[in-house]
Amino acid sequence: MNKGRLESFSDGVIAVSLTLMLYQIQLPADFTWAGLRAEAQHFLGYVLSFIYVGIYWNNHHHLFQVVRGINGRIMWANLNLLFWLTMIPITTTWAGKSEWLALPTALYALALFICAASYWLLGRAIVAREGPDSPAAQTIGSGLKGKVSLAIYALAVGVSFCSSIAAFAILAAMAALWFFPDARIERYLQEQDDKRH
């Protein structure tokens, strides 16, 4: 099956998720520094969530550069990932409106945990279809970074009930860790480009 439609559909869903988050930002009710500070938590949540969705879009794009084709399992794994990405705007809004209370923060962290698990499962589905010696398998590897990330996201869920600030800091650190696409994929794409020239 052609992967082009899957990529286009994914781009559309991710664009809608980003748009939904943008509509949730409230303008300060008071046109003073105090009014601006009152909305700072909501805005920081929006920034972190925007970065997360952007990371998934960027990594998803890079991942599919090394995929030759897709099957039903990959399509369902991709849909699962997209579903959980659409939960980010909802949990961001709820956590922001609650001023990052324990339960909404934990659900926000849980949504990010499930997104990470879904991305990892998508990678496994791709490797199963492409084969263990394929470029996809070589660039994805064992997925150790993804497995360690799952443990850290789970930690953030638990920490949310003790300190929302600490949970937010953990989630921000994870965003920094995943900010740049996998170097193995970049290297493989560069090698392929060099061979063509």
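Summary of the structure given here. Quantities reported herein were computed from a predicted structural model and do not represent experimental measurements.

So, how was this worked out
Residues numbered from 1 in each chain as written. Predicted model: local features only at pLDDT ≥ 70, side-chain atom pairs only at ≥ 80, totals over all residues. Heavy atoms only, no water. Helix = DSSP H or I, 4+ residues; strand = E, 2+ residues; numbered from the N terminus. Buried < 20%, exposed > 50% of the residue type's maximum accessible area, 1.4 Å probe, protein only. Contact = heavy atoms within 4.5 Å. Lys, Arg positive; Asp, Glu negative; His and termini not counted. Charge placed at Lys NZ, Arg CZ, Asp CG, Glu CD. Salt bridge = Lys/Arg side-chain N within 4 Å of Asp/Glu carboxyl O. Expected span 1.5 Å × (residues − 1). Arc of directions from axis to C-beta. Core = buried A, V, L, I, M, F, W, Y, C linked by side-chain atoms within 4.5 Å. Polar contact = N/O pair within 3.5 Å; in protein donor to acceptor, adjacent residues only side chain to side chain. Phe/Tyr/Trp six-rings, centres within 6.5 Å; stacked < 30°, edge-to-face > 60°.

Concerning the overall build of the protein chain
Right, so step 1: Counting secondary structure elements, the protein chain contains ten helices and zero strands.
Right, so step 2: Along the protein chain, helices and strands appear, N-terminal first, in the series α-α-α-α-α-α-α-α-α-α.
Right, so step 3: The C-alpha extent of the protein chain, read off along each of the three principal axes, is 60 × 30 × 30 Å.
Right, so step 4: Evaluated residue by residue, the protein chain yields a buried proportion of 43% over its 197 residues.
Right, so step 5: For the protein chain, long-range pairs separated by at least 24 residues make up 78% of all intrachain contacts whose partners lie at least 6 apart in sequence.
Right, so step 6: The average position of the 14 basic charges and that of the 12 acidic charges among the side chains of the protein chain differ by 8 Å.

A few points about the pattern of salt bridges
Right, so step 1: Counted under the stated rule, the structure contains two salt bridges.
Right, so step 2: Among the salt bridges present, the one from Glu 130 reaches Arg 68, with a minimum N-O distance of 3.5 Å. Placement of the pair is Glu 130 in helix α6 (residues 102-130) and Arg 68 in the loop between α3 (40-65) and α4 (72-85), with a sequence separation of 62 residues.
Right, so step 3: Judged by its relative accessible area of 7%, Glu 130 is buried.
Right, so step 4: For Arg 68, a relative accessible area of 55% corresponds to the exposed category.
Right, so step 5: Among the ionic pairs, Arg 129 bridges to Glu 130, the shortest N-O distance being 3.0 Å.
Right, so step 6: Overall, Arg 129 belongs to the partly exposed group, its relative accessible area being 34%.

What to know about helix α9 (residues 164-178)
Right, so step 1: With 15 residues, α9 extends 21 Å from end C-alpha to end C-alpha; this agrees with the ideal 21 Å at 1.5 Å per step.
Right, so step 2: Considered for burial, the residues of α9 that qualify are Ser 164, Ala 167, Ile 170, Leu 171, Met 174, Ala 175 and Trp 178. Down the axis, α9 shows its buried residues gathered within 140° of arc, on one side only. Within α9, the exposed residues directed more than 90 degrees away from the buried face are Ile 165 and Ala 176.

Quick word on the nonpolar core
Within soluble globular proteins, side chains that are nonpolar generally end up buried alongside one another.
Right, so step 1: Membership of the largest hydrophobic core comes to 50 residues, with the highest contact counts inside it found for Tyr 52, Phe 64, Ile 126 and Leu 171.
Right, so step 2: Elements with a contribution of two residues or more to this core: α1 (4-23), α3, α4, α5 (87-97), α6, α7 (135-140), α8 (144-159) and α9.
Right, so step 3: Non-local contacts of Leu 171, meaning those with residues more than four positions away in its chain, are made with Leu 48, Tyr 52, Tyr 108, Ala 109, Leu 112, Tyr 153 and Ala 156.

Notes on α4
Right, so step 1: Helix length check: α4, at 14 residues, gives a terminal C-alpha distance of 20 Å against a target of 20 Å (1.5 Å per residue), a fit within 8%.
Right, so step 2: Looking at the buried residues of α4, the elements they touch are α1, α3, α5 and α6.
Right, so step 3: Near the N-terminus of α4, the side chain that reaches the backbone nitrogen of Arg 73, with its oxygen 3.2 Å away, is that of Asn 71.

Thoughts on the side chain of Ser 134
Right, so step 1: Tracing the chain through its elements places Ser 134 in the loop between α6 and α7.
Right, so step 2: Overall, the relative accessible area of 3% leaves Ser 134 in the buried class.
Right, so step 3: A polar side-chain atom of Ser 134 sits 3.1 Å from the main-chain amide nitrogen of Ala 137.

Quick look at the packing of aromatic side chains
Given two aromatic rings, one states the distance between the centres and the angle between the planes to describe the pair.
Right, so step 1: Going through the model one piece at a time under the given rule, you end up with seven aromatic pairs.
Right, so step 2: Aromatic pair Tyr 52 and Tyr 153: ring centres 6.3 Å apart, planes at 55°, arrangement tilted. Linking Tyr 52 in helix α3 with Tyr 153 in helix α8, this pair joins segments that are 101 residues apart in sequence.
Right, so step 3: We classify Tyr 52 as buried; its relative accessible area is 1%.

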